[in-house]
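Commentary on secondary and tertiary structure
Residues per chain, in single letters:
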Amino acid sequence: QDMMDIEVKPQPSRPHWYERHVQPCVAELLGTALFIFIGCLSVVEDSAGTGRLQPALAHGLALGVTIAVLGNI
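Residues numbered from 1 in each chain as written. Predicted model: local features only at pLDDT ≥ 70, side-chain atom pairs only at ≥ 80, totals over all residues. Heavy atoms only, no water.

Here helix H2 (residues 17–44) spans 40 Å end to end across 28 residues, near enough to the 40 Å set by a 1.5 Å rise per residue. Where H2 bends most, at Gln 23, the angle is about 30 degrees, and the proline Pro 24 comes one to four residues later. Inspection of H2 places Ala 27, Gly 31, Gly 39 and Ser 42 among the buried residues, and these make up the whole buried set. The inward-facing, buried residues of H2 contact helix H3 (53–70). (Helix = DSSP H or I, 4+ residues; strand = E, 2+ residues; numbered from the N terminus. Expected span 1.5 Å × (residues − 1). Bend = angle between axes of the 7 residues up to and from the residue. Buried < 20%, exposed > 50% of the residue type's maximum accessible area, 1.4 Å probe, protein only. Contact = heavy atoms within 4.5 Å.)

Dropping the structure here:
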């Protein structure tokens, strides 16, 4: 009778090799490419009066978007 009261919980399965190895590498590649691409585009056209603020904000925005989109991977 005591054996019927014990709940057997299945062990969680290990993630697939794609989720363990390939997905983080692709996310890192896309995140880095987005960060560098947006950062370089922010300094291509040098508008008068923006100074160092525009590249700094563009890099910060690119980093924030990258973390928000790819952070859970």
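A word on H3. Along its 18 residues, H3 runs 26 Å from first to last C-alpha, staying within 8% of the 26 Å computed at 1.5 Å per residue. Those residues of H3 that are buried are in contact with H2.

Now for the side chain of Thr 66. By secondary structure assignment, the location of Thr 66 is in helix H3. On the basis of relative accessibility, which here comes to 12%, the residue Thr 66 falls in the buried class. Leave out the neighbours within four places in its chain, and Thr 66 touches Gly 31, Leu 34 and Gly 71.

On to the packing of H2 against H3. The description of two helices packed together rests on the angle between their axes and the distance between the axes. In the contact formed by H2 and H3, the axes pass within 8 Å of each other and the chain directions differ by 160 degrees. As summarised for this structure, H2 and H3 are arranged roughly antiparallel, according to the angle between their axes. With respect to the hand of their crossing, H2 and H3 are arranged in right-handed fashion. Packed against H2, whose contacting residues are Ala 27, Leu 30, Gly 31, Leu 34, Phe 35, Ile 38, Gly 39, Ser 42 and Val 43, the element H3 presents Gln 54, Pro 55, Ala 58, His 59, Ala 62, Leu 63, Val 65, Thr 66 and Leu 70 at the interface. Of the residues assigned to the contact of H2 with H3, the class counts are twelve nonpolar, six polar and no charged. (Axes fitted to C-alpha atoms, helices over the stretch in contact; angles between N-to-C directions. Parallel < 35°, antiparallel > 145°, perpendicular 65-115°, else oblique. Left-handed = near helix turned anticlockwise from the far one by under 90°. Nonpolar A, V, L, I, M, F, W, Y, C, P; charged D, E, K, R; others polar.)

It is worth spelling out the environment of Leu 70 at this point. Summarising the element assignment, Leu 70 is placed in helix H3. Under the relative-accessibility criterion, Leu 70 is labelled partly exposed at 22%. Spatially, the C-alpha atom of Leu 70 lies 8.7 Å from that of Leu 30, the residues being 40 residues apart in sequence. For Leu 70, the residues in contact, after removing those within four places along its chain, are Ala 27, Leu 30 and Gly 31.

This next bit is on the confidence of the model for the protein. Overall, the prediction assigns the protein a mean pLDDT of 80, with 84% of residues at 70 or greater. Confidence, read as mean pLDDT per element, is least for helix H1 (residues 2–5) in the protein (57) and greatest for H3 (86). (pLDDT = per-residue confidence, 0-100.)

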